[in-house]
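So you can see what is in the structure, the chains are spelled out below.
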Amino acid sequence: MSEKPRVLIIGAGLGGLALAQGLRRGGVDVTVHERDASPDVRMQGYRLRLTPEGLDTLGRLLPPQLSELVWETSSSPSRAVFLGARRAELSTVDRNVAVNRLTLRQILLHGLDDVVSFGRECTGYRTEGDGSVTALFADGSRETGAVLVGADGVNSVVRRQYLPEARVMDTGVRILYGRFPLTPETAALIPEELFQLYAGVAGPGHQHVGIAPVHYRRPAKEALAELAPELALTDTDDYVMCLFGARAELLPYTDEELRAATGRQLRDTAVAMTREWNPAVGALVELTDAETVFPIFMRSSVPHPPWPTSAVTLLGDAIHAMSPAVGIGANIALRDADTLAARLVEVADGAELIPALRAYETAMIDYGFDAVRTSARFGGLRLGQAPLPA
């Protein structure tokens, strides 16, 4: 291309923001448009697992101080560390860590104030005669760029227009997410075998309770003062993520009732069901702060064959949403961002756009849907997830 591309990203989730950071770092003109009014307007989850590959990806995409801040605000809990007098260094061997989703998102947003717009609902796009793409918004505005990236999640507006035949299936599993504060008192109640990065307890009919302490290895105020004093993090207290998963038919709610239920009703349902098969674990579930509980209707993308490449492409859950059973969804979205950012920086340096996007999509379709299949297989074993169609 004779001119550097302008990249439009729809969706300011983890993948979209990571891509924006990588493009900004590579000198590519980018804007991000998010439907939600603010980053914390709705609950999307709590703890995420970052693999060594995920951490390395963030190291390539983010400015060094922000990459270090992710590391400093990550968690690798152990009882010995938590009940001791100091916060321990994370192992340099086992670099699987937990991060708080909102904390990671706020770090990814840092430095992108002039790039990210909230309250901008994309309703679709149109392709122009010169090959560019125009994003259309609910307020009647529009914006044109050389590339449009749909990073707008499992309900992607971009995917529905671009690949209307692409399927997202209901797995039949419902998950109730919540959390409670991690203090010396609550830590003492968690059995040794559950005080891990993530511990799952299986019940009858694929019922599942997950316990995941999140204990920041360094107080956030210290890390911020050193690495990003102008950044404010709003959710930095230690906590325990507690989830209850079950097949929809086992719950005493229809899906409509589940959406309308209060956090207390959801928490009490999880407690009652868990106590029937493991009273001790039910007692841990009962610690959950009712105000933090919300339901997730677990869905999965159905693997899709390659499609003709154009100036529109997809990233993260918009194309390969997957079961959380393996805990790799966020890492795959970050890999998308890293792979696509590298290709688009090449375009800014003079490479042809469509071959670069084809290279990204060829790789992403391979590893992305492989992760969907792996997650679905373990989701079936652990949660009773419905199998993917043949």
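Residues numbered from 1 in each chain as written. Predicted model: local features only at pLDDT ≥ 70, side-chain atom pairs only at ≥ 80, totals over all residues. Heavy atoms only, no water.

By the naming in an unreviewed UniProt entry, the protein goes by FAD-dependent oxidoreductase and is assigned to Amycolatopsis samaneae.

A.B. asks: I'm lost on the overall build of the protein in this one. Help?
C.D. replies: Helices and strands together make up the secondary structure of the protein, namely 14 helices and 15 strands. Over its C-alpha atoms the protein spans a radius of gyration of 21 Å, differing by no more than 12% from the 21 Å that the globule rule assigns to 390 residues. For the protein, the C-alpha atoms occupy an extent of roughly 65 × 50 × 40 Å along the three principal directions. For the protein, with 390 residues in total, the buried portion stands at 57%. Considering only contacts within the protein whose residues lie at least 6 apart along the sequence, 75% involve residues at least 24 apart. Carbon and sulfur atoms provide 51% of the accessible area of the protein, an area that totals close to 16400 Å². The average position of the 38 basic charges and that of the 48 acidic charges among the side chains of the protein differ by 2 Å. (Helix = DSSP H or I, 4+ residues; strand = E, 2+ residues; numbered from the N terminus. Rg over C-alpha atoms; globule rule 2.2 N^0.38 Å. Buried < 20%, exposed > 50% of the residue type's maximum accessible area, 1.4 Å probe, protein only. Contact = heavy atoms within 4.5 Å. Areas by Shrake-Rupley, 256 points an atom, 1.4 Å probe, with all protein chains shown as cover. Lys, Arg positive; Asp, Glu negative; His and termini not counted. Charge placed at Lys NZ, Arg CZ, Asp CG, Glu CD.)

A.B. asks: Got a minute to help me understand the sheet that holds strand β15 (residues 312–314) in this structure?
C.D. replies: Sheet strands pair via backbone hydrogen bonds, and the direction of the pair is either parallel or antiparallel. The five strands lie next to each other as β5-β2-β1-β9-β15, forming an open sheet whose pairing is parallel. Edge positions in the open sheet fall to β5 (116–117) and β15, since each of these has one partner strand only. Across the sheet, helix α1 (residues 14–25) is in contact with β1 (6–10), β2 (29–33), β5 and β9 (147–150); its angle to β1 comes to roughly 165 degrees. (Pairing = 2+ DSSP bridges. Axes fitted to C-alpha atoms, helices over the stretch in contact; angles between N-to-C directions.)

A.B. asks: How should I be thinking about the UniProt feature "domain: FAD-binding" (unreviewed entry) in the protein in this particular structure?
C.D. replies: Taking the numbering used here, the UniProt-annotated feature "domain: FAD-binding" (unreviewed entry) corresponds to residues 6–161 and 309–362. Across residues 309–362, helical content stands at 63% and strand content at 6%; the span's end C-alpha atoms are separated by 10 Å. (UniProt positions renumbered as here; feature names shortened; annotations may be inferred.)

A.B. asks: Would you take a moment to explain the packing of α1 against helix α5 (residues 101–109) for this structure?
C.D. replies: To characterise two packed helices, one gives the angle between the axes of the helices and the distance between these axes. Two numbers describe how α1 lies on α5: the axes approach to 9 Å, and their chain directions differ by 25 degrees. Compared by their axis directions, α1 and α5 come out roughly parallel. Seen from above, α1 lies across α5 with left-handed handedness. Of the residues in α5, those in contact with Leu14, Leu17, Ala18 and Gln21 of α1 are Arg101, Leu104, Arg105, Ile107, Leu108 and Leu109. In the contact of α1 with α5, the residues fall into seven nonpolar, one polar and two charged. (Parallel < 35°, antiparallel > 145°, perpendicular 65-115°, else oblique. Left-handed = near helix turned anticlockwise from the far one by under 90°. Nonpolar A, V, L, I, M, F, W, Y, C, P; charged D, E, K, R; others polar.)

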